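An overview of the molecular structure
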Amino acid sequence: AVNGSIICTDLLVKTGWADYVFDEDYDLATLTEVEETIKMKKHLPGIPSANEIKNSANGRRLGEMQVLLLEKIEELTLYAIEADKRIKKLEQKSK
């Protein structure tokens, strides 16, 4: 255990990964649902709030946070792909 700063040139964290986001049965929230959660809770769905982290006696495990952040990146990628498809469809209709 370290109670202070750590300086290193490499850090290995062994944990799971978030590729489950790309599974066909993954329940990707609509952007409207995400917006409603943000308005109500003031943080992203599935991500701990600033107060949760601040008030946690043990903080948050780095590997777990990396998985959560990757999950959000992968969800954003799916939203961007869907938006791109809609834009292309609208462009085709306007020609």
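This text follows the structure it describes.
A brief structural summary.

Cut-off values and rules
- Residues numbered from 1 in each chain as written.
- Predicted model: local features only at pLDDT ≥ 70, side-chain atom pairs only at ≥ 80, totals over all residues.
- Heavy atoms only, no water.
- Salt bridge = Lys/Arg side-chain N within 4 Å of Asp/Glu carboxyl O.
- Helix = DSSP H or I, 4+ residues; strand = E, 2+ residues; numbered from the N terminus.
- Buried < 20%, exposed > 50% of the residue type's maximum accessible area, 1.4 Å probe, protein only.
- Patch = residues over 30% accessible without salt bridge, like charges linked within 9 Å, V, L, I, M, F, W, Y side chains within 5 Å.
- Areas by Shrake-Rupley, 256 points an atom, 1.4 Å probe, with all protein chains shown as cover.
- Contact = heavy atoms within 4.5 Å.

A few words on the pattern of salt bridges. Opposite charge on two side chains lets them pair, provided their charged atoms get close. Counted by the stated rule, this structure contains five salt bridges. Here Lys 39 makes a salt bridge to Glu 35, at a shortest N to O gap of 3.5 Å. Here Lys 39 pairs with Glu 35, and both are found in helix H1 (residues 31-41), just four residues apart, close to one helical turn. Among the residues examined, Lys 39 registers a relative accessible area of 58% and is labelled exposed. The salt bridge involving Lys 88 is made with Asp 84; its shortest N-O contact spans 3.1 Å. Here Lys 88 pairs with Asp 84, and both are found in helix H3 (residues 62-93), just four residues apart, close to one helical turn.

Right, let's get into a nonpolar patch on the surface. Taken together, the side chains of Leu 11, Val 13 and Leu 62 define a hydrophobic patch exposed on the protein surface, amounting to about 270 Å² of accessible area. Of note, Leu 62 is situated in helix H3.

Let us now look at the environment of Glu 75. Among the secondary structure elements, Glu 75 is positioned in helix H3. For Glu 75, a relative accessible area of 9% puts it in the buried group. Separated by 42 residues in sequence, Glu 75 and Glu 33 place their C-alpha atoms 13 Å apart. When neighbours within four sequence positions are excluded, Glu 75 is seen to be in contact with Val 21, Tyr 26 and Leu 28.

Further remarks concern unusual backbone geometry. If you check the backbone angles, Lys 42 has positive phi at about 65 degrees while not being a glycine. Structurally, Lys 42 can be placed in the loop between H1 and helix H2 (50-55). Owing to a relative accessible area of 67%, Lys 42 belongs among the exposed residues under this scheme.

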